[in-house]
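# Residue-level structure breakdown
Spelled out from the first residue to the last, the chains are:
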Amino acid sequence: MAEKYGCLPRTIKRKLDAYIPPKGMSSPGRAVVVMDSTYWERKHGVMLFKDALTGRDLLWYFVKSETNALYAQGIAELEGMGYVIPAVVFDGRKGLPAMFPDKKVQLCQFHQQKTVRKYLTKHPKTEAAIELKAIVDMLTNTDKESFVGMFDEWCEKWDGYLKERTTDTETGKSHFTHNRLRSAYLSIKRNLPLLFTWYDYIEMGIPNTTNLIDGHFSHLKRMLRNHNGMTRERREKLVIGFFEASRGKSQ
């Protein structure tokens, strides 16, 4: 840039440091909020609140770590700005649904699939695990009745298998033989009431995943990688400009 514009590098840096990203237009209204966080270095990232109905970025915080309290603070701040938020979509943080008793809550189906694959691996060996993974792989492409029906049939078929226990010959204590399979099963069972909120309230326009925000984060990280070596202050200015542009036209 210094060569292109015929000036010293420090002049370019000084102008960049003085630059203030223009504010995007904010028009509070009804919003279905997708929320998530991403990091580009240890203990330095951003928490974003995005409207699924318009695709606009509504609010963001630079964070060292994500907490349920901070997500609740963000929703409260948006409502204080005049947004009406009937529903939120999140990635599965424990305890987060309890923070929003007056809202419809959708757990990202894609993250549920990732959780199950973590326990079963991509290529499970046992028949029970293979069948459960096949059912969960259909989660994002099926309706509530079909998924629940398949899962209930699997639970009934493998009930005894899930309850099998193995006794440690040294301690005499027993534990579940198929512990990782049970963890996958219990994760689905625990989260099932939140996996099809989008289907139960289809008129509200709730997405079934956080893919809208995940793709946005991927674009942002590509931009940051293209500008490696920036100071934290300049990086945050780039991030702010990226999000402000998503709000809409500059004021």
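Numbering of residues begins from 1 in every chain and follows the order in which that chain's sequence is written. For this predicted model, a pLDDT threshold of at least 70 governs which residues receive local features, and a threshold of 80 or more governs which side-chain atom pairs are given and counted, while totals over whole chains, interfaces and linings are taken from all residues. Just so you know, side-chain values use all the structure's heavy atoms and leave hydrogens and water out.

### A few points about the overall build of the protein chain
Here is the rule we go by: Runs of E in the DSSP output that reach at least two residues are strands. Runs of H or I that reach at least four are helices, and both are numbered from the N terminus. Only protein chains enter the accessibility calculation, which uses a 1.4 Å probe; a residue is then buried when its area is under 20% of its type maximum, exposed when over 50%, and partly exposed in between. By definition, residues are in contact when any of their heavy atoms lie within 4.5 Å.
On a plain count of helices and strands, the protein chain comes out with 11 helices and seven strands. When each of the 251 residues of the protein chain is scored for burial, the buried share is 41%. The long-range share in the protein chain, meaning contacts at least 24 apart out of those at least 6 apart in sequence, stands at 62%.

### Structural notes on the pattern of salt bridges
For the record, the criterion: A pair is scored as a salt bridge if a Lys or Arg side-chain nitrogen falls within 4 Å of a carboxyl oxygen belonging to Asp or Glu.
Applying the stated rule across the entire model yields 10 salt bridges. One salt bridge connects K103 with D102, and the closest N-O pair in it is separated by 3.8 Å. Under the relative-accessibility criterion, D102 is labelled exposed at 60%. Between K157 and E127 there is a salt bridge; the shortest N-O distance is 3.8 Å. Here K157, found in helix α6 (residues 144-157), pairs with E127, found in helix α5 (residues 127-137); they are 30 residues apart in sequence, far enough to count as distant.

### Describing the nonpolar core
Looking at soluble globular proteins, one finds that nonpolar side chains tend to be buried together. Note the following rule: The criterion is simple. A nonpolar core is a set of buried Ala, Val, Leu, Ile, Met, Phe, Trp, Tyr and Cys residues joined through side-chain atoms within 4.5 Å.
Counting 63 residues, the largest nonpolar core has V33, M35, F49, L132, W154, L181 and F243 as its most contacted members. Excluding its chain neighbours within four sequence positions, the residues that come into contact with L181 are L120, A128, A129, L132, W154, Y161 and L162.

### Details of helix α8 (residues 179-195)
To keep it simple, the criterion reads: What a helix should span is 1.5 Å times the count of its residues minus one.
An ideal rise of 1.5 Å per residue puts 24 Å on 17 residues; α8 measures up with 23 Å between its terminal C-alpha atoms. L181, R182, A184, Y185, S187, I188, N191, L192 and L195 are the residues of α8 that are buried.

### A look at the sheet that holds strand β4 (residues 84-90)
Cut-off, in case you're wondering: Pairing between strands requires that DSSP locate at least two bridges from one strand to the other. Axis definition: a line fitted to C-alpha atoms, limited for helices to the stretch in contact. Angles are taken between N-to-C directions and run from 0 to 180 degrees.
Taken in spatial order, the five strands make up an open sheet running β3-β2-β1-β4-β5, and their pairing is mixed. Since the sheet does not close on itself, it has two edges, and those belong to β3 (57-63) and β5 (104-107), each with one partner. For this sheet the average axis-to-axis angle between neighbouring strands, irrespective of direction, equals 25°. The pairing of strand β1 (residues 30-41) with β4 spans four bridges and is parallel. Opposite V32, over in β4, you have A87 as the bridge partner. Sheet contacts for α8: β4 and β5; angle to β5, the most-contacted strand, approximately 130°.

### Considering the packing of α6 against α8
Two measures define how a pair of helices packs: the angle their axes make with one another and the distance between the axes. Stated precisely, the cut-off is as follows: Small angles under 35 degrees read as roughly parallel and large ones over 145 as roughly antiparallel, with 65 to 115 read as roughly perpendicular and the rest as oblique. Handedness of a helix crossing follows the sense of rotation of the near helix relative to the far helix, less than a right angle counterclockwise being left-handed and clockwise being right-handed.
One way to put it is that α6 packs onto α8 with a least axis distance of 12 Å and a crossing angle of 140°. In terms of axis orientation, α6 runs oblique to α8. Here α6 and α8 pass one another in a crossing that is left-handed. Judged by residue contacts, F147, V148, F151, W154 and C155 of α6 engage L181, Y185, I188, K189 and L192 from α8.

### Comments concerning helix α4 (residues 109-120)
Taking 1.5 Å of rise per residue, 12 residues should cover 16 Å, and α4 covers 17 Å from first to last C-alpha, within 8% of that figure. Inspection of α4 places Q109, H111, Q112, Q113, V116 and L120 among the buried residues, and these make up the whole buried set. A positive backbone phi angle near 70° is found at T121, which sits one or two residues after α4.

### What to know about the packing of α5 against α8
Across the interface, α5 lies against α8 with an axial gap of 11 Å and an inter-helix angle of 30°. In this view, α5 runs roughly parallel relative to α8, as classed from their interaxial angle. The hand of the α5/α8 crossing is left-handed. Contact with α5, carried on its side by A128, A129, L132 and V136, involves L181, A184, Y185 and I188 of α8 and no other residues of that element.

So yeah, pure geometry; function would need other evidence.
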